Amino acid sequence: SLSSRATIMTLRRSCVIAATAVAVASLGETSAFSLAPSMPAAKLSLGNGRATAGRISPLRMALSTGEARTAQSKDLMKYSDSVYTTQRRKTRTVQCGDVPIGSEHPIALQTMTTAMTTDVQGSIDQVMRCADAGAQLVRLTVQGQREADAASRIKEGLLKKGYTTPLVADIHFAPKIAMQVAEAFDKIRINPGNFADGRKSFKEISYDEPGAYQAELDYIEETFTPLVLKCKELGRAMRIGTNHGSLSARTLSYYGDTPAGMVESAFEFARICQKHDYHNFLFSMKASNPKVMVAAYRLLAAEMYDLGWDYPLHLGVTEAGEGEDGRMKSAIGIGSLLQDGLGDTIRVSLTEDPWLELDPSKKLKAIADAQRDTIWTPTPTWREESRDFKTFTQRIGQLPVQKEADPVDVRNVLHRDGSVISAVTLAQLGNPDKLYYDLGCKTAVGMPFKDLATSDSIFLRTVPAASAAKERLALKRLQEVGVGVLAPAAELVANPIANAIAVFSLEHVAKKETTMPEGALRMAITVRGDESDEQLAALKGSDAVMLFIETPKGLSRIHSTRRVMNYLKMNDIDTPVIHHIAFADESKDELVLTTGSQVGCSLVDGNGDGVMVESSSITDLEFLRLTSFGLLQGSRMRNIKTEYVSCPSCGRTLFDLQLVTAEISEATGHLPGVTVAIMGCIVNGPGEMADADFGYVGGAPGKIDLYVGKEVVRKAIPSARACDELIELIKEYDRWVEKPEEAVVPV
């Protein structure tokens, strides 16, 4: 029945993306989500199963079956020019003021002001500061008539000061306002989820007749066409920017909160542009969940390859948050796509001052440029057969199995949801109390105990001598509480450690040069990625508890890693894989962004069971451990703290986002498994909060609305007591635990 299918759609929307991509992945269980729509209440197809260009009328949708589009989606062959090398996807050039955007030009950097747009001088000052920091485009929110009236004065004021930086109008709900601001600004960003459909709704709609669905599309065309013609006449650019959190009720009813729905939402508007021979536009597919964001952009690119479209891409992870967490999420999402040659302009959305977004943007661009421009050492020829970008499936490595003769429990050296291995030096071993703290252990009378965010194992490049009593006692105490100790086999031969894990290179394993050192309990294997297939064959039946992928200098990490993962999958080798990434003199920011880009690109494909981040210049072991956990949490694998979906602020924001985010983080940051959304206004709030357990949203000046999931439960709370009420709400739903006492940092 239609009602039963509608129920299926509801479950699909709320469970597949929210539960599968977030909760299941964070629990470390096998998960899979499809980019195609589920069984809809109304069975509609998009011509040949997808957005069409010339195959049928671009605006007419015929009554058919939902399965047709799913089948067609399976036929999409590629989302990038190559999965073996980084090649920029070829696009047309979109001209935005004096800034060209497209594959023939450098990746353009942009940000968004936080000043009220009605504050003309404040907006001018922020645009100038952002431009001086490196922004090539600056976006301002234009939500009403007063803001639209201010737009021309802002543009004039900037030109008088010699700033020609293109200005982008951020439009939600206001087609008439878009028409006016197009007279002044260089580019219009429209949100297809609310440009003509109004505010966010989770209402289920059943289209019994195709005419009802078509009537809505006709209304969109009627509403949107004047802006298209205006932009064409004036030479303005446009971004058709889908947000995962603000899909229309119509789109949700057919697709659910899926990447397919995000793509089709944008294509509805793109077809109207094409009908009027307007092509000066680009796309974006933003989500607060990096996995969903990457999946949506890949599907968008694949659809465009299939259709012969060449529109540029604007990349961004929306509501990424602040600090290291915001940078890590952005690197996982933006960086992963740049590794595959996707993306022509980027914005790193942080809950910080807008000019501070430019430094991580520059660094991500530099990482992408180096990846693309470097002449990498080739790997042996291989064919990718095991990775399907249209679905997500987490590869699950077989955790260590306890043997009857084992003198200690080896099952805790890895974690089912994703493991963190910390590289430890002799100097760090020499200060046990500080070491325990940096590894995330709790301590009692000097004895360490594993906690939620304790490193699962440690790796020693150099083993302490037998006479180093203090260092060896520290190792023994860590082993006693389940922390694994790994070291190169040669080091353990010289200085044996009881119950250690000996690390061999694949080269030695292939030559059968793997005599276990005295006292060693298990073995691990390092893999470079450029070994021959004959050498890789030695991995099968090796009895290793884990594999380290250690990419040597001169080899492309993402592509050599894909080769190894493909070989493991095709040969049914289920040994856990740890991504080992080592740094020399990079800064902390560079380390975070590079790790997110180059390792996150594998984790968003479900390829990897953990990470070891090592640096010869950064000796802050706690920072390296927390960065590793941040990578796993940002990749939706393992939660060790509260997850925040925090918008970056703009002229719509109804409270001081930076101060409020800091206050809420301080009060609630100790709740792993809980996701809190902090939204400055209602534009994306309810939708992005589909991934959140609780939401804190600006409802009016000085007033806050609190949400549970996507339902508002308390309205118009005075800002002064809203944080306390949020805590009470978390307690009411039995998600609260008391904050533990903070450990004293040892000297």
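As a reminder, the structure under discussion sits directly above these lines.
Definitions and limits used
Residues numbered from 1 in each chain as written. Predicted model: local features only at pLDDT ≥ 70, side-chain atom pairs only at ≥ 80, totals over all residues. Heavy atoms only, no water. Core = buried A, V, L, I, M, F, W, Y, C linked by side-chain atoms within 4.5 Å. Buried < 20%, exposed > 50% of the residue type's maximum accessible area, 1.4 Å probe, protein only. Helix = DSSP H or I, 4+ residues; strand = E, 2+ residues; numbered from the N terminus. Contact = heavy atoms within 4.5 Å. Pairing = 2+ DSSP bridges. Axes fitted to C-alpha atoms, helices over the stretch in contact; angles between N-to-C directions. Phe/Tyr/Trp six-rings, centres within 6.5 Å; stacked < 30°, edge-to-face > 60°. Lys NZ or Arg CZ within 6 Å of the ring centre and 35° of its normal. Expected span 1.5 Å × (residues − 1). Arc of directions from axis to C-beta. Salt bridge = Lys/Arg side-chain N within 4 Å of Asp/Glu carboxyl O.

Visitor: For the nonpolar core, give the residues involved together with the corresponding values.
Guide: By size, the foremost hydrophobic cluster in this structure holds 112 residues, and its most contacted members are I188, F224, L227, M238, I240 and F283. Looking at this core, the element that brings in the most residues is helix α9 (residues 290–307), giving 11 residues. When neighbours within four sequence positions are excluded, F224 is seen to be in contact with I190, F195, M238, F269, I272 and C273. In this structure, L460, A487, L492 and I497 belong to the second largest nonpolar core, which totals 39 residues.

Visitor: Run through the sheet that holds strand β23 (residues 643–646), naming residues and quoting values.
Guide: Here we have five strands laid out as an open sheet, ordered β23-β24-β25-β26-β27, and mixed in their pairing. Single-partner strands in this sheet number two, and they are β23 and β27 (711–718). Pairwise comparison of adjacent strand axes, ignoring direction, gives a mean angle of 20° for this sheet. Examined bridge by bridge, β23 and strand β24 (residues 675–679) share four bridges and lie parallel to one another. Directly across from S646, in β24, lies its bridge partner I678. Sheet contacts for helix α24 (residues 719–732): β24, β25 (694–700), β26 (703–708) and β27; angle to β27, the most-contacted strand, approximately 150°.

Visitor: Go over the packing of aromatic side chains, please, and point to the residues and values.
Guide: Enumeration over the complete set of coordinates arrives at 15 aromatic pairs. Where W309 meets Y311, the ring centres are 5.9 Å apart and the plane angle is 80°; that geometry is what we call edge-to-face. Comparing W309 with Y311, the two get one shared label, buried. Through a chain of ring-to-ring contacts, the aromatic side chains of F267, Y278, F281, F283, W309 and Y311 assemble into a single cluster. Against the face of F389 rests K390, its NZ or CZ located 4.6 Å from the ring centre. Lying over the aromatic face of F623, K588 brings its terminal NZ or CZ to 4.7 Å of the ring centre.

Visitor: How would you explain helix α22 (residues 657–668) if you had to name every residue and give the values?
Guide: With 12 residues, α22 extends 16 Å between its outermost C-alpha atoms, agreeing within 8% with the 16 Å of an ideal straight helix rising 1.5 Å per residue. Within α22, the full set of buried residues consists of L657, V660, T661, I664 and T668. Projected onto a plane normal to the axis of α22, the buried residues spread over an arc of 100° and lie on a single side. Those residues of α22 that are exposed and angled more than 90 degrees off the buried face are L659 and E666.

Visitor: Quick one: what's the story with unusual backbone geometry, residue by residue and with numbers?
Guide: Residues other than glycine seldom take positive phi values, yet F173 does so here, at roughly 70°. In this structure, F173 sits in the loop between β6 (167–171) and α5 (175–181). Classification of F173 by relative accessible area gives partly exposed; the value is 27%. With a phi close to 55°, A716 is a non-glycine residue in the positive phi region. With respect to the helices and strands, the residue A716 is situated in strand β27.

Visitor: Describe the sheet that holds strand β5 (residues 137–141), naming the residues involved and giving the relevant values.
Guide: The eight strands lie next to each other as β9-β8-β7-β6-β5-β4-β11-β10, forming an open sheet whose pairing is parallel. One side of each edge strand has no neighbouring strand; the edge strands of this open sheet are β9 (281–286) and β10 (314–315). Direction of pairing for β5 relative to β6: parallel, over a ladder of four bridges. Each bridged residue has a counterpart across the sheet, and for L140 the counterpart in β6 is A169. In the packing of helix α8 (residues 259–275) onto the sheet, contacts are made with β7 (187–190), β8 (237–243) and β9, and the angle to β9 comes to roughly 165°. Here α9 sits on the sheet in contact with β9 and β10, set at roughly 145° to β9.

Visitor: Account for the pattern of salt bridges, with residues named and values stated.
Guide: Counted under the stated rule, the structure contains 44 salt bridges. For K275, the salt bridge identified is with E221, shortest N-O distance 2.6 Å. Separated by 54 residues along the polypeptide, K275 in helix α8 and E221 in helix α6 (residues 210–234) bring together distant segments of the chain. Residue classification places E221 among the buried residues on the basis of a relative accessible area of 15%. The residue R721 makes a salt bridge to E725 at a minimum N-O spacing of 3.0 Å. On the criterion of helical spacing, the pair formed by R721 and E725 is a turn pair, its members being four residues apart in helix α24. Overall, the relative accessible area of 43% leaves R721 in the partly exposed class. You can call E725 buried: its relative accessible area is 18%.

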